[in-house]
Amino acid sequence: MQLRYNYRAYPDAPQRHALAKAFGCARVVWNDCLRDRKEAHAAGLPYVTSAELSRLRITQAKRTAQRAWLADVSAVVLQQSLRDLDTAYKNFFDSVTGKRQGRKVGPPRYKSKKDTRQSIRLNTNAFCIQNDGTVYVAKVGNLKVTWSRRLPAAPTSVTVTKDSSGRYFLSFVVDTEPDVLPEAETEAGIDLGLSAFAVLSDGRKIDSPRFLRRAEKKLKRLQRELSRKAKGSKNRAKARIKVARQHAKVADRRRDFHHKASTQIIRDNQAVYVEDLAVSGLGRTRLAKSVHDAGWSAFVGMLEYKAALHGRTFAKVDRALPSSQVCSACGFRDGPKPLHIREWTCGACGTVHDRDHNAARNVLLEGRRIVAAGRAETPNACGASVRRAHVPAQRGEAGSPRKGQTTRAGIPGL
């Protein structure tokens, strides 16, 4: 399976200039190739192949006066930009024809030089890890990197990213084998919420940290200062970076919290079941800010790929399950209840339930039923392999440092 590891990079002034040039060249190649395909489609001409675009917009373009500066960056950067465009078109076509599951994917769009986030992608021909711990990037130089942990294997590609707050990151993709943990005896059903971030079926509660709510006061002040600056001025650019840095701090804290909580849950339980929430729908309600502040979707994604990495069972329960209406003790359905009712008594057996704990227990029972029916992507009770999907590399860091039996790194000199 593929994992992605992010590390902070600290380029000097010439390297930042070279990276800015690489970002711009990759963007120009993307836009030129996208324009050719759109014009061909509008004129009723056949789909322009990648080989023809590579010859026209990269090889021949370098020989013209208008695009001669494309030769100042690595050719791998330009070719990867074209490959990324092909991937975007493939995702769009697969979404239209029904081959791609999930939300519909739109056609590729033009990239703007005013975007605050820029990135380039390189394969092993254009980068290498040096013995002194720096990372050599073709036509950029040796980048200083803070290695927060070791890579479990040699990377197959790297993405150099500049975020909206001006920070640089190197994102390595590595192919590694699953790190199966010893079997645990417990299973957990998880009910996600806002008052408590998560309630487990054994009664444990994970408090909601509300990182965005805690940073709102400072964010409001910074955004007021930004709104007073003249558009296009250097002071406005400085104020924008201050706002972006504060948002980046909130996102980093939330991501760190998600990784620690998900890793602990996966380590403690052999099977994890969670409700498949409609986060995009809840994000359009009056609770939108609190829903996005909680980050349920990212947390569930971490649980899913970490379960596959460590050999745990993971299953999503249908969101239509009336987990808050059914008594987990006797199975009696007691009807819907408003959100302000946090405890209720079963009308059949008289059991007093905490709303969230009862929902987590019902999620656990439904998850066990799904696994017993063979509908979960996990080894079943008989040891036979049931469908396990390919796990792609995550956008964020792939977990926290692992203790115990780990695969040691391939970073020489560290």
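Before reading further, recall that the structure is shown in the block above.
Now for a description of the structure that goes with this document. (Residues numbered from 1 in each chain as written. Predicted model: local features only at pLDDT ≥ 70, side-chain atom pairs only at ≥ 80, totals over all residues. Heavy atoms only, no water.)

Brief notes about helix H3 (residues 75-97)
To keep things clear, this is the line we draw: Helix and strand definitions follow DSSP, with helices as H or I runs of at least four residues and strands as E runs of at least two, each counted in order from the N terminus. Expected helix span is taken as 1.5 Å per residue step, with the number of steps being one fewer than the number of residues. Only protein chains enter the accessibility calculation, which uses a 1.4 Å probe. A residue is then buried if its area is under 20% of the maximum for its type, exposed if over 50%, and partly exposed in between. Working rule for contacts: check all heavy atoms of both residues, and any pair within 4.5 Å makes them a contact.
Relative to the 33 Å expected for 23 residues at 1.5 Å per residue, H3 spans 33 Å between its end C-alpha atoms, a close match to the ideal helical length. For H3, the full list of buried residues reads Val 76, Val 77, Leu 78, Gln 80, Ser 81, Leu 82, Leu 85, Ala 88, Tyr 89, Phe 92, Asp 94 and Ser 95. On the buried face of H3, the contacting elements are helix H1 (13-42), helix H2 (50-59) and strand S2 (118-123). Gly 98 sits one or two residues past H3 and shows a positive phi near 90°.

Let's talk about the pattern of salt bridges
Rules: Salt bridges are counted wherever a side-chain nitrogen of Lys or Arg sits within 4 Å of a carboxyl oxygen of Asp or Glu.
In the structure shown here, the tally under the stated rule is 22 salt bridges. In this structure, Arg 368 and Glu 187 form a salt bridge, with 2.7 Å as the shortest nitrogen-oxygen distance. Taken together, the residues span a long stretch of sequence, with Arg 368 in helix H9 (residues 355-372) and Glu 187 in strand S8 (residues 187-192) at a distance of 181 residues. When its relative accessible area of 40% is taken as the criterion, Arg 368 is described as partly exposed.

What to know about the side chain of Gln 15
As a reminder, the rule being used: Each polar contact in these results corresponds to two N or O atoms within 3.5 Å; when the atoms are within protein, one needs to be able to donate a hydrogen and the other to accept it, and residues that are neighboring in sequence are counted only if both atoms are side-chain atoms.
With respect to the helices, strands and loops of the structure, Gln 15 is situated in helix H1. The exposure class of Gln 15 is buried, given its relative accessible area of 9%. Within the structure, the side chain of Gln 15 is placed 2.7 Å from the backbone oxygen of Asn 142, a separation counted as a polar contact. If we ignore the near neighbours within four places in the chain, the residues touching Gln 15 are Val 140, Gly 141, Asn 142 and Leu 143.

Focus: the sheet that holds strand S7 (residues 168-175)
Here is the rule we go by: By the convention used here, strands pair only if DSSP detects at least 2 bridges between them. Only C-alpha atoms enter the line fits that serve as axes; for helices the fit covers just the stretch in contact. Angles between N-to-C directions range over 0 to 180 degrees.
Read across the open sheet, the 7 strands follow the order S2-S6-S7-S1-S5-S4-S3; overall the sheet is antiparallel. In the strand order of this sheet, the two ends are held by S2 and strand S3 (127-129), each with one partner. Between one strand axis and the next, the sheet turns by 30° as a mean value, whatever way the strands run. Contacting S2, strand S5 (141-146), strand S6 (155-162) and S7, H1 crosses the sheet at an angle of about 90° to S2.

Let's talk about the nonpolar core
This is how it is decided: Each nonpolar core is a collection of buried residues, namely Ala, Val, Leu, Ile, Met, Phe, Trp, Tyr and Cys, held together in the definition by side-chain atoms within 4.5 Å.
Ile 120, Leu 122, Val 135, Trp 147, Leu 151, Leu 170 and Phe 172 are the most contacted members of the largest nonpolar core, which has 51 residues in total. Within the second largest apolar cluster, 27 residues are counted, among which are Leu 192, Leu 212, Ala 215 and Phe 314.

Considerations on the sheet that holds strand S11 (residues 271-275)
With mixed pairing, 5 strands are arranged side by side in an open sheet as S10-S9-S8-S11-S12. Of all the strands in the sheet, the pair left with one neighbour each is strand S10 (205-207) and strand S12 (313-317). Averaged over all pairs of adjacent strands, the angle between strand axes in this sheet comes to 20°, irrespective of strand direction. When S8 meets S11, the two strands line up parallel, connected through 4 bridges. Bridge pairing in S11 links Gly 189 to Tyr 273. Strand contacts of helix H5 (residues 234-268): S8, strand S9 (196-200), S10 and S11, with the helix running at about 170° to S10, the strand carrying the most contacts. Contacting S8, S9, S11 and S12, helix H8 (residues 296-309) runs over the sheet at an angle of about 145° to S12.

Geometric descriptors of this kind do not, in isolation, establish any biological role.
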